[in-house]
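Understanding the architecture of this molecule
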Amino acid sequence: DGGITQSPKYLFRKEGQNVTLSCEQNLNHDAMYWYRQDPGQGLRLIYYSQIVNDFQKGDIAEGYSVSREKKESFPLTVTSAQKNPTAFYLCASSIDARHGSTYGYTFGSGTRLTVV
Amino acid sequence: AQKVTQAQTEISVVEKEDVTLDCVYETRDTTYYLFWYKQPPSGELVFLIRRNSFDEQNEISGRYSWNFQKSTSSFNFTITASQVVDSAVYFCALSEAYGGATNKLIFGTGTLLAVQP
């Protein structure tokens, strides 16, 4: 079955460490997105990518980095510069960026990151 | 600026009650899309419905129905005869376009629905 796989489901990080969250899709979608979810704040866009080797900052990109070397993969690195990284992170994809709003997004099951 | 407001943070109902989740949006676009997603405890957002701005017909899908009113910029979601399995966070979302190059979804803050047996 086609879908989005995020791993790991739970992740613990020590302060000052970088950590990378994995997102893989086999839907042949061009566009991919990373959202952060905090209680009471809904979903906030971190980064998005319309095509391989291209990505743009979202609303809260500071302290995060991404890469898009393959169409199927869009990993998110939470760097030590991110002051409050404890959150639930969701990856999503759409057929392409232009039509994402027409067909909606497909979401992964998320990664819960906790700083210890 | 585009914005989605879900004023109800939490709703608690008893099984078999009807419940309506409110969604109010703001946009300058004449063409836009509205969505509802369900987030069960497992975390994954599940697509429920999309509606374009030119189609104001209400829609019914089983126990779910949606009321789109452009005059009040609202896209409300009603669950009839609620069940415990309906317990989840529900998000309303609005598409956004920057010069037509990229469409992104703007999400509301979500409504936590708890259905008690």
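Residues numbered from 1 in each chain as written. Chains lettered and ligands numbered in written order. Predicted model: local features only at pLDDT ≥ 70, side-chain atom pairs only at ≥ 80, totals over all residues. Heavy atoms only, no water.

**A closer look at the overall build of chain B**
Counting its regular elements, chain B contains zero helices and twelve strands. Along its sequence from the N terminus, chain B presents helices and strands in the succession β-β-β-β-β-β-β-β-β-β-β-β. Structurally, chain B occupies a C-alpha span of about 50 × 30 × 20 Å along its principal axes. When contacts within chain B are restricted to residue pairs at least 6 apart in sequence, long-range pairs at least 24 apart make up 55% of them. Of the roughly 5,600 Å² of accessible surface on chain B, a fraction of 50% belongs to carbon and sulfur atoms. (Helix = DSSP H or I, 4+ residues; strand = E, 2+ residues; numbered from the N terminus. Contact = heavy atoms within 4.5 Å. Areas by Shrake-Rupley, 256 points an atom, 1.4 Å probe, with all protein chains shown as cover.)

**Description of the nonpolar core**
Counting 23 residues, the largest nonpolar core has Trp36, Phe77, Tyr90 and Leu113 of chain B as the members making the most contacts within it. Counting only elements with at least two residues in this core, the list comes to β2 (10–14), β3 (19–21), β5 (33–39), β8 (64–69), β9 (74–79), β10 (88–98) and β12 (111–116) of chain B. Setting aside its immediate chain neighbours within four residues, Phe77 of chain B contacts Val19, Thr20, Leu21, Trp36, Leu48, Tyr64, Ser65, Trp66 and Tyr90 of chain B. Counting residues in each nonpolar core, the second largest holds 20 residues, with Leu11, Cys23, Tyr64 and Tyr89 of chain A among its members. (Core = buried A, V, L, I, M, F, W, Y, C linked by side-chain atoms within 4.5 Å. Buried < 20%, exposed > 50% of the residue type's maximum accessible area, 1.4 Å probe, protein only.)

**Description of the pattern of salt bridges**
All told, the structure shown has six salt bridges over all chains when counted by the stated rule. For Asp30 of chain A, the salt bridge identified is with Lys71 of chain A, shortest N-O distance 3.3 Å. Here the residue Asp30 of chain A occupies a position in the loop between β3 (19–25) and β4 (31–38), and Lys71 of chain A occupies one in the loop between β7 (64–66) and β8 (76–78), the gap between them amounting to 41 residues. Here Arg63 of chain B ties to Asp86 of chain B by a salt bridge, and the two come within 2.8 Å at their closest N and O atoms. (Salt bridge = Lys/Arg side-chain N within 4 Å of Asp/Glu carboxyl O.)

**Considerations on the confidence of the model for chain B**
Per-residue pLDDT for chain B has a mean of 90; in total, 93% of the residues score no lower than 70. Of all secondary-structure elements in chain B, the lowest mean pLDDT belongs to strand β11 (residues 102–107) of chain B, at 76, while β3 of chain B reaches the highest, 98. (pLDDT = per-residue confidence, 0-100.)

**Some words on the pairing of β4 of chain A**
All names here are of chain A. Most of β4 sits out of view: eight of its eight residues are buried. Every second residue of β4 is oriented toward a common face, with Ala31, Tyr33, Tyr35 and Gln37 on one face and Met32, Trp34, Arg36 and Asp38 on the other, all of them buried. When β4 meets strand β5 (residues 42–51), the two strands line up antiparallel, connected through seven bridges. By the bridge assignment, Met32 is partnered in β5 with Ser49. Linkage of β4 to β5, two consecutive antiparallel strands, is achieved through a turn of three residues, within which Gly40 is found at a positive phi near 75 degrees. (Pairing = 2+ DSSP bridges.)

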